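# An overview of the molecular structure
Here's the letter readout for the chains.
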Amino acid sequence: MIFRIFLFSSFAFLFELSAQVPISPSEVIPNADSDVGDQNTTIAIAPPPARSSEEKTIERAQEGLKSAEVGSRVGAAKLLGKYRSIKTSILLISALDDESALVRRAAMVSIAEHASNGFPVYDKALAEKIYSKLGDPDVEVRREVSTMIPRIISPMRRSGMELIEINGRKVYRSVSSAMRPDLYKMTQDAFLDKDAIVRQNVLKYHTYLNVSLPLLSLDKLLSDSDLGVLLTALDRISSSASQPRIVNRVKALSKHANKGIRLKVVAVARNANSYHSDYRGILREMTKDSDPEVLSMAAVELARFGERVPGKVVEQIKNFLLGVNGLSTQVTTILYTVSSLGVDGAEIYKALTEHSSSQIRAIAWQRFINLSGGWRDSSVWLPATKDPDPKVRKVVLNGLRGQSNNLSEKQLGVLVESGFSDVRIFAAQSLLDATQSTVESLGFDLLIDEDTIVRSTTIRAMSARRVPGWLTIMKRSLLDTDYVIQRSAMDGLLGDRKEGVPVLIDYISKNPQSRISNLAKIELSKIGVQP
């Protein structure tokens, strides 16, 4: 009853409230507390603002580009960057000739924004117009253009046909893919631009533009004060690596104060060795570098050329690798290239098998065993099976499989007594190549191992070897509660149709409900035997 009264009251309130709501924005609502002659109160509801269409927005921005105020033109150029179309691209490119550097900057940033969002300029003439601003007086415009080079290379290098009119006749002529001479000259001048970012970007991309790097420009760039430009210039010396002035520049950089530059010189000297013999001399001098990483890089590169590295330098390489905390790009390069030192490299790898980094130990064990021929000598690789890191043991054991044969009972006994299951699995696999007496002596220890994989691997090895009493072992294994053990025994029995299959059939008849019995029936039917 109370609920009905409340519901009725609510409806009455809503009805009364709706009666007070004005029908139109201009309707006059009298004040209830005032007399009839008092001034009426008018409540006007403003209509929502009309949304401007994209076309109108672009038109207003187009008018803004014609404004006498620089701020209006800058705002219009920025706004056009949000709308990607051919029309907006043309408007922005036309703004690149604005007298104000601020407007040109805004227009170039908006063009770059178009390209970044999947709307680059494809017309060759428009792309050339953008690229021509590589010679703009404003450094920010030049930086933006140099950054955009990868996005405008394709239309600039495009060849094709164009329709022209000669004496009233329309004819087609081919359009070359070569860069315009004025743009070509502008690019070569940009190699020595006042701004380091522009210089570096042009150095990076000039080969894509098919613009050659003049020898004099390269010579100056190899003495540049900016490290980024120096590193990029060193990557570009291949075309002039045989020139004596370039060799001298690289030689001077081999003593640069910055370690990164010296490391780059090592790589450059290695690659340019075929152009000039002095590059090998640069590497020899760098084996005396004060930084052990630079010294090590230079030494291993010399060793790759077949040169013998002095023992003192070898010792420094070993000490450097023992002192690193883990693998980096440079350390990885040095670590793998140490093998080029031959016998000396094997000694370095042997020392690194005790490194604190498991990654370095894994590589060191693998390389040491390879260089010393240790796959056939258990005294070399047995210590690796005691490494606490499973990844290290995995690398070594994977290399041993198929390499180490006919392990003695003593050697195999060390593996059987290991505290690591992966090592004991390897011991069980080694039973396939061990002597009969070794299998009989150590096989039982592996059969009662706590690890299922060790036991199943041992069962498979014994069934393959047909050791005395193997049928009894298979019978007992079929009664095991572990399905993996049962499966191993079943596979072993299936391999011997004379003695093994009858034992399996007997087990099926006595244990028809066993899970392995169902699988055994299927496998027997595949070989034409009905249990």
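See the structure above.
Residues numbered from 1 in each chain as written. Predicted model: local features only at pLDDT ≥ 70, side-chain atom pairs only at ≥ 80, totals over all residues. Heavy atoms only, no water.

Below, the discussion takes up the overall build of the protein chain. Helices and strands together make up the secondary structure of the protein chain, namely 29 helices and 4 strands. Considering only intrachain contacts with a sequence separation of at least 6, the fraction spanning at least 24 residues in the protein chain is 57%. For the protein chain, the accessible area works out to roughly 29,100 Å², and carbon and sulfur atoms hold 53% of it. (Helix = DSSP H or I, 4+ residues; strand = E, 2+ residues; numbered from the N terminus. Contact = heavy atoms within 4.5 Å. Areas by Shrake-Rupley, 256 points an atom, 1.4 Å probe, with all protein chains shown as cover.)

Taken together, Met-161, Leu-163 and Tyr-172 make up a surface patch of nonpolar side chains, about 380 Å² in accessible area. For Met-161, the location among the structural elements is in strand S3 (residues 160–166). We classify Met-161 as exposed; its relative accessible area is 57%. (Patch = residues over 30% accessible without salt bridge, like charges linked within 9 Å, V, L, I, M, F, W, Y side chains within 5 Å. Salt bridge = Lys/Arg side-chain N within 4 Å of Asp/Glu carboxyl O. Buried < 20%, exposed > 50% of the residue type's maximum accessible area, 1.4 Å probe, protein only.)

Here 7 bridges tie S3 to strand S4 (residues 169–175), and the two strands are oriented antiparallel to one another. Of the residues in S4, the one forming a bridge with Glu-162 is Arg-173. The antiparallel hairpin formed by S3 and S4 contains 2 residues in its connecting segment, where Asn-167 sits at a positive phi of about 55°. (Pairing = 2+ DSSP bridges.)

Residues Tyr-131, Tyr-279, Ile-317 and Leu-321 are the most contacted members of the largest nonpolar core, which totals 146 residues. Examining the composition of this core, we find that 8 residues originate from one element, helix H15 (residues 292–304), more than from any other. Once residues lying within four places of it in the same chain are set aside, the contact partners of Tyr-279 are Ile-237, Ala-241, Ile-246, Val-247, Val-250, Ala-269, Ala-272 and Asn-273. (Core = buried A, V, L, I, M, F, W, Y, C linked by side-chain atoms within 4.5 Å.)

Structurally, the position occupied by Asp-195 is in the loop between helix H8 (181–190) and helix H9 (196–205). For Asp-195, a relative accessible area of 9% gives the class buried. Among the polar contacts made by the side chain of Asp-195, one reaches the main-chain amide nitrogen of Val-198 at a distance of 3.2 Å. Every residue in contact with Asp-195, bar those within four places of it in the chain, is listed here: Val-139, Arg-142 and Arg-143. (Polar contact = N/O pair within 3.5 Å; in protein donor to acceptor, adjacent residues only side chain to side chain.)

At a minimum axis distance of 10 Å, the contact between helix H12 (residues 244–253) and helix H14 (residues 278–286) shows a crossing angle of 10°. The angle between H12 and H14 falls in the class roughly parallel. Together, Ile-246, Val-247, Val-250 and Lys-251 of H12 and Asp-278, Tyr-279 and Ile-282 of H14 make up the contact between the two elements. Looking at side-chain class alone, the contact of H12 with H14 contains 5 nonpolar, no polar and 2 charged residues. (Axes fitted to C-alpha atoms, helices over the stretch in contact; angles between N-to-C directions. Parallel < 35°, antiparallel > 145°, perpendicular 65-115°, else oblique. Nonpolar A, V, L, I, M, F, W, Y, C, P; charged D, E, K, R; others polar.)

This next bit is on the environment of Ile-246. Within the secondary structure, Ile-246 sits in helix H12. C-alpha separation for the pair Ile-246 and Leu-234, spaced 12 residues apart in sequence, amounts to 9.9 Å.

All right, on to helix H3 (residues 70–80) then. Inspection of H3 places Arg-73, Val-74, Ala-76, Ala-77 and Leu-80 among the buried residues, and these make up the whole buried set. The buried residues of H3 all sit within an arc of 160° when viewed along its axis, so they share a single face. Exposed residues lying more than 90 degrees from the buried face of H3 are Gly-71 and Lys-78. Buried positions along H3 lie against helix H2 (54–64), helix H4 (86–94) and helix H5 (101–116). (Arc of directions from axis to C-beta.)

Our next topic: the pattern of salt bridges. Tallied over the entire structure, the rule returns 36 salt bridges. Linking Arg-393 and Asp-422 is a salt bridge whose minimum nitrogen-to-oxygen distance equals 3.0 Å. Within this pair, whereas Arg-393 is found in helix H21 (residues 390–400), its partner Asp-422 is found in helix H23 (residues 421–430), the two being separated by 29 residues in sequence. Residue Lys-510 is joined to Asp-506 by a salt bridge in which the shortest nitrogen-to-oxygen separation is 3.4 Å. Placement of the pair is Lys-510 and Asp-506 together in helix H28 (residues 500–510), with a separation of 4 residues, close to one helical turn. Judged by its relative accessible area of 61%, Lys-510 is exposed.

The next thing to look at is H28. If you check which residues of H28 are buried, you get Gly-500, Val-501, Val-503, Leu-504, Tyr-507 and Ile-508. All buried residues of H28 lie within an arc of 160° about the axis, which places them on one face of the element. Exposed side chains of H28 directed beyond 90 degrees from the buried face belong to Ser-509 and Lys-510. Elements that come into contact with the buried residues of H28 comprise helix H26 (470–478), helix H27 (483–494) and helix H29 (515–526).

Moving on, we come to the packing of aromatic side chains. Per the counting criterion, the structure on display carries 2 aromatic pairs. For the ring pair Trp-381 and Phe-426, a centre distance of 6.2 Å and an interplane angle of 85° mean the geometry is edge-to-face. Taken together, the residues span a long stretch of sequence, with Trp-381 in helix H20 (residues 378–381) and Phe-426 in helix H23 at a distance of 45 residues. With respect to burial, Trp-381 and Phe-426 carry one shared label: buried. Geometry around Tyr-483 places Arg-515 over its ring, the cationic atom sitting 4.0 Å from the centre. (Phe/Tyr/Trp six-rings, centres within 6.5 Å; stacked < 30°, edge-to-face > 60°. Lys NZ or Arg CZ within 6 Å of the ring centre and 35° of its normal.)

This part takes up the side chain of Ser-132. Examined against the element boundaries, Ser-132 turns out to sit in the loop between helix H6 (124–131) and helix H7 (139–156). In terms of polar contacts, Ser-132 uses its side chain to reach the backbone carbonyl oxygen of Lys-129, at 2.5 Å. Not counting the four nearest positions on each side in its chain, Ser-132 is found in contact with Leu-183 and Met-186.

This part takes up unusual backbone geometry. Both trends apply: most residues other than glycine have a negative phi, and most peptide bonds are in trans. Of note, the phi angle at Asn-167 is positive, near 55°, even though the residue is not glycine. By secondary structure assignment, the location of Asn-167 is in the loop between S3 and S4. Judged by its relative accessible area of 79%, Asn-167 falls in the exposed class. One non-glycine residue, Asn-210, lies in the positive phi region at around 60°. Judged by its relative accessible area of 53%, Asn-210 is exposed.

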